[in-house]
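Summary of the model geometry
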Amino acid sequence: MANQKLWGGRFSASAAEILDVFNASLPFDKKLYKQDILGSKTHAKMLARCGILTQDEADLICKGLEQVKDEIESGVFEFKLSDEDIHMAIESRLTQIIGEAGKKLHTARSRNDQVALDFRLFVLDSNKHLRNLVLNLITTLLSLAKEHTQTMLPGMTHLQHAQPVNFGFLLCAYACMFMRDFERLESTFKRNNYCPLGAAALAGTPYSTDRHFVAKELGFIAPTLNATDSVSDRDFALDFLYDTSLLAMHISRFAEELVLWSSYEFRFITLSDAYSTGSSIMPQKKNPDVPELLRGKSGRVYGNLMGLLVVMKGLPLAYNKDTQEDKEGVFDSFETLEISLRILNDALKTMTIHKDSMLKACRVGHLSATDLADFLVKNCEIPFREAHHITGKAVASAESLGKDLSELSIEELCAVDYRIPKEAHSSLDLKASMESRNSYGGTSTQATLAQIESLNAWLELAKTTLGNV
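None of the values given here were measured: they were computed from a predicted structure.

1. Regarding the overall build of the chain
In terms of regular secondary structure, the chain is built from 19 helices and 6 strands. Against the globule reference of 23 Å for 469 residues, the chain gives a C-alpha radius of gyration of 30 Å, more extended than a compact globule. With the principal axes as the frame, the chain shows a C-alpha extent of 100 × 50 × 40 Å. Partitioning the intrachain contacts of the chain with sequence separation of at least 6 by distance along the chain shows that 75% fall at a separation of at least 24.

Spelled out as C-alpha cells, the structure:
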C-alpha cells in the first residue's frame, strides 16, 4: 500500500500526503539521532539481559544502529518525510539493514517513552554544554575584573551618576549573575536526571524489563517513578527554557552596558573591529551590532518559553501530539545561547578599556556628595537628614560655579554652611570615596579583590563538579 506506515495495520487507507507534512517532526527532530541510537542500543542490551531478545539479536541490532549512525553522519542517510520522525526513520533503515531482528527492537517500549528519553538526553547534554560556556564567560570576567580594581568610573542609578566605583566591581556584579545562571542550570540538571524509557505508552509494560539497568547505563540517577507522568512530562524542557531565558536576560543587560559604554557619549570602551560592523551609507560609523543582537535575541528565547507553557497548559494525561511542539523552541534557545555566550566572551576579551574616559566621567555628577553627608554625620554630629540638606546646598553652589562638587576649594566648600569644617574637604576626593566603601560586597579595591577571590574559589569548584557530571 502506498504511503504505508509502520503503525498502519489498523488502517485501510493510506495517509494523505498533506498529513505527512503536517504530522511529521522529522525535519527538526532528526537532531536527536545520536540520543535515539544511544537509547535504542541500551534498550536492546536490556532486552537481551532480560531474555526478551537473544544476545545475537541484540548484537546485530547494535551493529546495525552503528551503521545507521555512520550513514547519518556521512550524509548518505535518506530522510523520508513519510517516516514521520527520527525514531521511525532509524527503525525503518535498521530493519532494511538487518532484517527481522530490527522489528524486535521496539518490544517493551513506545514512541512515547522513546521521544521522552531522546529529548531529555538532548536537554541534559545542552544543559552541560551551556554551563561550560557560562564558566568560560565568568573566567573572562574575573580576569578583567582583577586588572581593573582601581579603574574608577561612575556607578549609576536611574542611569544617572551616583557614586564612584571601580570597573572590576561592576564586572563582579555580572559574574554573580552568571554564577546564579550556572547554579540554576545545575539544579535543573539534577532535578530532571531521571530516565523515562520503559514507561512504554503510558502504563508500563507487561514484559519483565529492567529500567534501573537502562537508567544506570545512560547515566541517569534512576528511572522515573510514574509511567504516565514519564511520557507526558515536559517540565525538564520548561525548566531549561526558563533557565535560558534568565541567562539571556543577563546577557542582554550586559549587552546594553556595552552599547552605552562604546558610544561617543560614554567612550568607556571600544569594541574590536572583529566584533563591530559598519554602515552602508555613513562611512564613519562603527556600530555595536554584536551587543545589540545579543540584547535582541532575548526576545526569541522568552518567546520559546511562553510557547511551550501555552502548549502544555491544557493537556490531559497522558501523551498528546501537542507535545511534538516542544522541540523547536528548545533547539532554538540552546543554539541562540550557545553562540551568544561564545561571542560575548570573545568580544570582552578583545575590547579596549579607556581608563581616562572613565575617570573623566567620575568628575561629572557630584559623585562624592554622599561622602560629604556621611562626614558631617560621623564627625559633626549632624543628623543625616540635615547633612543631606547641607550637601544639597553644596551641590547647588558647585553648579553655580560651573564645577563638580569634587572640584570645590576648601574655602568654597566652607562658605556653603558654617557647620562644614575644613577637614570635610578630604571627603570630596573621588578615590577616597571609592576606597571608603570597604564593607563586605563593597566597591573598594580590597572588597572587590575579596569578591574576585571568592568567585574564583567558586569557579574552581564548579569546574570540578561539572567535570564529574
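Once you've had a look at it, read on.
2. Description of the domain arrangement of the chain
Each assigned domain of the chain is listed with its residue range as follows: domain 1 (17–107), domain 2 (112–361) and domain 3 (364–437). Just the C-alpha atoms count here: the centres of domain 2 and domain 3 sit 44 Å apart. Listed by partner, the interface residues are 12 residues for domain 2 and 9 residues for domain 3. Of all residues in domain 2, Met152, Gln163 and Pro164 give up the largest surface area on contact with domain 3, accounting jointly for 53% of the area buried on that side.

3. What about unusual backbone geometry?
With an omega of 5 degrees, the peptide bond running from Leu317 to Ala318 counts as cis. Among the structural elements, Ala318 can be located in the loop between α12 (289–312) and α13 (327–350). Positive phi outside glycine occurs at Ala108, with the angle close to 70 degrees. With relative accessibility at 7%, the residue Ala108 sits in the buried group. Its identity as a non-glycine residue notwithstanding, His366 has a phi of 60 degrees, on the positive side. We classify His366 as buried; its relative accessible area is 12%.

4. Looking at the nonpolar core
Of all hydrophobic cores here, the largest spans 102 residues; its most connected members are Ile138, Leu141, Phe178, Phe254, Leu344, Leu348 and Met351. No other element matches helix α7 (residues 111–147), which puts 16 residues into this core. Excluding its chain neighbours within four sequence positions, the residues that come into contact with Leu141 are Leu171, Tyr174, Ala175, Phe178, Phe254 and Leu348. Among the nonpolar cores identified, the runner-up in size contains 18 residues, and Ala369, Ala387, Ile390 and Leu413 belong to it.

5. Some thoughts on a nonpolar patch on the surface
Among the surface-exposed residues, Ile18, Leu19 and Phe22 lie close enough to one another that they form a single nonpolar patch of about 380 Å² accessible area. Here Phe22 lies in helix α1 (residues 17–23). For Phe22, a relative accessible area of 72% gives the class exposed.

6. Some details on empty space enclosed by the protein
This model, assessed by the stated rule, comprises 1 cavity of 30 Å³ or more. Empty space within the largest cavity amounts to approximately 40 Å³. Those elements giving two or more residues to the lining of the largest cavity turn out to be α11 (235–261), α12 and α13. Taken together, the residues that form the lining of the largest cavity break down as 5 nonpolar, 3 polar and 1 charged.

7. What about the pairing of strand β2 (residues 160–166)?
Consecutive residues of a regular strand have side chains that alternate between opposite faces of the sheet. Note that strand β1 (residues 152–157) and β2 share 6 bridges and pair antiparallel. Bridge pairing in β2 links Pro154 to Pro164. In textbook terms, the turn of a hairpin is the stretch between consecutive antiparallel strands, and for β1 and β2 this stretch comprises 2 residues, one of which, His158, has a positive phi near 60 degrees.

8. Concerning the environment of Val21
You can see Val21 is positioned in helix α1. Between the C-alpha atoms of Val21 and Glu84, which are 63 residues apart in sequence, the distance is 8.5 Å.

9. Observations concerning the pattern of salt bridges
Across all of its chains, the model carries 24 salt bridges by this definition. For Arg191, the salt bridge identified is with Asp239, shortest N-O distance 3.2 Å. Taken together, the residues span a long stretch of sequence, with Arg191 in helix α8 (residues 167–192) and Asp239 in helix α11 at a distance of 48 residues. Among the ionic contacts, a cluster of salt bridges with common partners joins Glu386, Lys393, Asp417 and Arg419.

10. Notes on the packing of α11 against α13
At their nearest, the axes of α11 and α13 sit 10 Å apart, and the two run at 30 degrees to each other. Overall, the two elements α11 and α13 adopt an arrangement that is roughly parallel. Where α11 crosses over α13, the handedness of that crossing is left-handed. Side by side, α11 and α13 meet where Ala237, Phe240, Leu241, Thr244, Leu247, Ala248, Ile251, Phe254 and Leu258 of the first sit next to Gly329, Val330, Ser333, Phe334, Leu337, Ser340, Leu341, Leu344 and Leu348 of the second. Broken down by class, the residue content of the contact of α11 with α13 amounts to 14 nonpolar, 4 polar and no charged.

11. Some points on the layout of surface pockets
Computed from the structure, the largest pocket encloses a volume of approximately 480 Å³. Along the walls of the largest pocket sit 23 residues, with Gly155, Met156, Thr157, Leu170 and Glu257 positioned nearest its centre. Grouping the constituent residues of the lining of the largest pocket by class yields 15 nonpolar, 4 polar and 4 charged.

12. Describing the side chain of Ser333
Among the secondary structure elements, Ser333 is positioned in helix α13. Residue classification places Ser333 among the buried residues on the basis of a relative accessible area of 0%. A polar side-chain atom of Ser333 sits 2.8 Å from a polar atom in the side chain of Asn304. In this view, Ser333 contacts Leu241, Thr244, Val301 and Asn304; residues no more than four positions away in its chain are not counted.

13. Digging into the packing of aromatic side chains
Tallied over the entire structure, the rule returns 10 aromatic pairs. Ring plane angle 75 degrees and centroid distance 4.8 Å describe the contact between Phe122 and Phe331, whose orientation is recorded as edge-to-face. One end of the pair, Phe122, is in helix α7; the other, Phe331, is in helix α13, and 209 residues separate them in sequence. Note on Phe122: relative accessible area 10%, which makes it buried. The interplanar angle of 85 degrees and the centroid separation of 5.3 Å between the aromatic rings of Phe182 and Trp458 together place this pair among those described as edge-to-face. A residue pair is termed long-range when its members are at least 10 positions apart, and Phe182 in helix α8 and Trp458 in helix α19 (residues 445–467) qualify at 276 residues. Both residues of the pair, Phe182 and Trp458, belong to the buried class. The ring of Phe79 is capped by Lys30, whose NZ or CZ atom sits 5.2 Å from the centre of that ring.

About the criteria used
Residues numbered from 1 in each chain as written. Predicted model: local features only at pLDDT ≥ 70, side-chain atom pairs only at ≥ 80, totals over all residues. Heavy atoms only, no water. Helix = DSSP H or I, 4+ residues; strand = E, 2+ residues; numbered from the N terminus. Rg over C-alpha atoms; globule rule 2.2 N^0.38 Å. Contact = heavy atoms within 4.5 Å. Domains from an automatic or database assignment. Buried area = accessible area lost by both parts, 1.4 Å probe. Buried < 20%, exposed > 50% of the residue type's maximum accessible area, 1.4 Å probe, protein only. Core = buried A, V, L, I, M, F, W, Y, C linked by side-chain atoms within 4.5 Å. Patch = residues over 30% accessible without salt bridge, like charges linked within 9 Å, V, L, I, M, F, W, Y side chains within 5 Å. Areas by Shrake-Rupley, 256 points an atom, 1.4 Å probe, with all protein chains shown as cover. Salt bridge = Lys/Arg side-chain N within 4 Å of Asp/Glu carboxyl O. 1 Å grid on protein atoms, 1.4 Å probe; cavity = no way out; pocket = protein on both sides within 12 Å on 5 of 7 lines; lining within 4 Å. Points joined across faces, edges and corners; volume = space filled by probe spheres on them. Nonpolar A, V, L, I, M, F, W, Y, C, P; charged D, E, K, R; others polar. Pairing = 2+ DSSP bridges. Axes fitted to C-alpha atoms, helices over the stretch in contact; angles between N-to-C directions. Parallel < 35°, antiparallel > 145°, perpendicular 65-115°, else oblique. Left-handed = near helix turned anticlockwise from the far one by under 90°. Polar contact = N/O pair within 3.5 Å; in protein donor to acceptor, adjacent residues only side chain to side chain. Phe/Tyr/Trp six-rings, centres within 6.5 Å; stacked < 30°, edge-to-face > 60°. Lys NZ or Arg CZ within 6 Å of the ring centre and 35° of its normal.

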